[in-house]
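What the coordinates show
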Amino acid sequence: NAGVMQNPRHLVRRRGQEARLRCSPMKGHSHVYWYRQLPEEGLKFMVYLQKENIIDESGMPKERFSAEFPKEGPSILRIQQVVRGDSAAYFCASSPPRPKPGTGELFFGEGSRLTVL
Amino acid sequence: KQEVTQIPAALSVPEGENLVLNCSFTDSAIYNLQWFRQDPGKGLTSLLLIQSSQREQTSGRLNASLDKSSGRSTLYIAASQPGDSATYLCAVDVRSGGGADGLTFGKGTHLIIQP
């Protein structure tokens, strides 16, 4: 049973370009979370999605960032017109359906490290 | 707004020692608390999850306690080994009505076990 798969593991972009980060959750998991880890900072929640639905995007910057989790295929975090401050590690996590309130146990991918030149 | 603080930020101890990592959070209305391990350039590995109704969880040489009323958790590592060297992250799942979902993380404790 493969874990959470993220790609690319490393991505280099120039300012103004677009970055697309992909996440395939663990088998049987229907909930996907994206977190960002800036250098010397803790992980910060960005967005929580279920298939075809954004449940909570309160941690997403208002501009240039978007996320989706289509019916088929991986979840995608898209950053348009990247700036140097977007350089960070972006982690995806997944969890099974939640019968009880609360996030439950999250399983993380190895992250995608974005460097903006 | 939930804030999670981890102390110490860094710790270096000789192999074999027992050690305690601390985590505090400001809002006691949580669903659960998780401890993770992060190796350099890698993702997070879940170590222990404590539900809000529980006081502690144990896995091998690791024991995590939770005192929700005081907003504290400790991770106890027995008989430390060089392979335990990593950054340990504490995260709480906030019970909020319409607020941010997901986990709130501390900045971590960077642990080095000297051979």
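So, a few notes on the structure that sits alongside this text. (Residues numbered from 1 in each chain as written. Chains lettered and ligands numbered in written order. Predicted model: local features only at pLDDT ≥ 70, side-chain atom pairs only at ≥ 80, totals over all residues. Heavy atoms only, no water.)

**A word on the overall build of chain B**
Secondary structure assignment for chain B yields zero helices and eleven strands. Seen in sequence order, chain B has helices and strands lined up from the N terminus as β-β-β-β-β-β-β-β-β-β-β. A compact globule built from 115 residues would reach a C-alpha radius of gyration of about 13 Å, and chain B, at 14 Å, matches this within 12%. Out of the 115 residues belonging to chain B, those deemed buried represent 44%. Of the contacts made within chain B by residues no fewer than 6 positions apart, 55% connect residues no fewer than 24 positions apart. Carbon and sulfur atoms make up 48% of the accessible area of chain B, which amounts to about 5300 Å² in all. The distance from the centre of the 9 positive side-chain charges to the centre of the 10 negative ones in chain B is 3 Å. (Helix = DSSP H or I, 4+ residues; strand = E, 2+ residues; numbered from the N terminus. Rg over C-alpha atoms; globule rule 2.2 N^0.38 Å. Buried < 20%, exposed > 50% of the residue type's maximum accessible area, 1.4 Å probe, protein only. Contact = heavy atoms within 4.5 Å. Areas by Shrake-Rupley, 256 points an atom, 1.4 Å probe, with all protein chains shown as cover. Lys, Arg positive; Asp, Glu negative; His and termini not counted. Charge placed at Lys NZ, Arg CZ, Asp CG, Glu CD.)

**Concerning the pattern of salt bridges**
One pass over the full model with this rule turns up eight salt bridges over all chains. A salt bridge links A:Glu110 to B:Lys42; the shortest N-O distance between them is 3.9 Å. Remark: B:Lys42 occurs in the loop between β4 (30-38) and β5 (44-51) and A:Glu110 occurs in the loop between β10 (107-108) and β11 (112-116); the pair is interchain, linking two chains. On the accessibility criterion, A:Glu110 (32% relative accessible area) is partly exposed. The exposure class assigned to B:Lys42 is partly exposed, which follows from its relative accessible area of 39%. In this structure, B:Arg37 engages B:Asp39 in a salt bridge whose closest nitrogen and oxygen atoms are separated by 3.0 Å. Relative accessible area serves as the criterion here: at 17%, B:Arg37 is assigned to the buried category. For B:Asp39, a relative accessible area of 24% gives the class partly exposed. (Salt bridge = Lys/Arg side-chain N within 4 Å of Asp/Glu carboxyl O.)

**Points about the state of the cysteines**
All names here are of chain B. Per the counting criterion, the structure on display carries two disulfides over all chains. Between the sulfur atoms of Cys23 and its disulfide partner Cys90 the distance amounts to 2.0 Å. Classification of the bridge connecting Cys23 and Cys90 rests on its S-S torsion, roughly -60°, and on that basis the disulfide is left-handed. With Cys23 in strand β3 (residues 19-25) and Cys90 in strand β9 (residues 86-94), this residue pair connects regions lying 67 residues apart in the sequence. You'll find Cys23 and Cys90 in the same group, each marked buried. (Disulfide = S-S within 2.5 Å.)

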